[in-house]
Amino acid sequence: MPKNKGKGGKNRKRGKNEADDEKRELVFKEDGQEYAQVQRMLGNGRCEATCIDGTKRLCHIRGKMHKKVWIAAGDIILVGLRDYQDDKADVILKYMPDEARLLKAYGELPDSTRLNEGIAGGLDEEDDGAGDDYIEFEDEDIDKI
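**Notes on the pairing of strand β1 (residues 33-43)**
Taken together, the five bridges between β1 and strand β4 (residues 76-81) define a ladder with antiparallel strand orientation. Across the sheet, the residue bridging to E34 is V79, located in β4. Here β1 pairs with strand β2 (residues 46-51) via six bridges, running antiparallel. Its bridge partner lying in β2, A36 is registered against C51. If you look at the hairpin formed by β1 and β2, you'll find two residues sitting between the two strands, and N44 has a positive phi there, around 60°.

Okay, structure coming up:
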């Protein structure tokens, strides 16, 4: 049997649940950065995102966030634009849902941006046509079948 020379197994890699994300200062964009909304995850640490300026970019998740901060479709992220490639960007930060709502309230995000606020937030706008989920048949239609 070989001697264990490492510092531990996979439980050490998981680490402790660090609670430093609870209350953090809101980070605004600087020059060379842009807000974006994730359209879909592509795998291999990449995602496709639509920036606020209207450009669809291929974004690379930086190593510090990889496997630590989970990004899903619909999330608001801060990306660093590349000088030499306009169609690619690097994910710098993922905004929590409450931070994204604050950005929208401050006017940083346009009003047309739809924020994913979970199940409760998405149902309110779509419940206008209640009763469209089923089809009503007349008695005559049932007899023909």
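Picking up after the structure, the text goes on.
**A look at the packing of aromatic side chains**
For the structure shown, the criterion picks out two aromatic pairs. Note on F28 and Y106: the rings are 6.0 Å apart at their centroids and 55° apart in plane angle, and the pair reads as tilted. Residue F28 is located in the loop between α1 (10-14) and β1, and its partner Y106 is located in the loop between α2 (97-105) and α3 (118-126); the two are separated by 78 residues in the primary sequence. Here F28 falls in the partly exposed class, since its relative accessible area comes to 36%. For the pair Y35 and Y95, a centre-to-centre distance of 6.0 Å together with 50° between the ring planes defines the contact as tilted. Highlighted residues: Y35 in strand β1 and Y95 in the loop between β5 (88-94) and α2, separated in sequence by 60 residues. Overall, Y35 belongs to the buried group, its relative accessible area being 0%. On the basis of relative accessible area, Y95 is assigned to the buried category, the value being 3%.

Criteria and cut-off values
- Numbering of residues begins from 1 in every chain and follows the order in which that chain's sequence is written.
- Local features in this predicted model are restricted to residues whose pLDDT is 70 or higher, and side-chain atom pairs enter the listing and the counts only when it is 80 or higher, whereas totals over whole chains, interfaces and linings include all residues.
- With hydrogens and water excluded, all non-hydrogen atoms of the structure serve as input to the side-chain values.
- Two strands form a pair only when DSSP identifies at least two bridges running between them.
- Numbering goes from the N terminus for both helices and strands, where a helix is a DSSP run of H or I of at least four residues and a strand is a run of E of at least two.
- Aromatic rings from Phe, Tyr and Trp, taking only the six-membered ring of Trp, are treated as a pair when their centres fall within 6.5 Å; an angle between ring planes under 30 degrees marks them as stacked, one over 60 as edge-to-face, and anything in between as tilted.
- Each residue gets one of three labels from its accessible area relative to the maximum for its type: buried under 20%, exposed over 50%, partly exposed in between, using a 1.4 Å probe on protein chains only.

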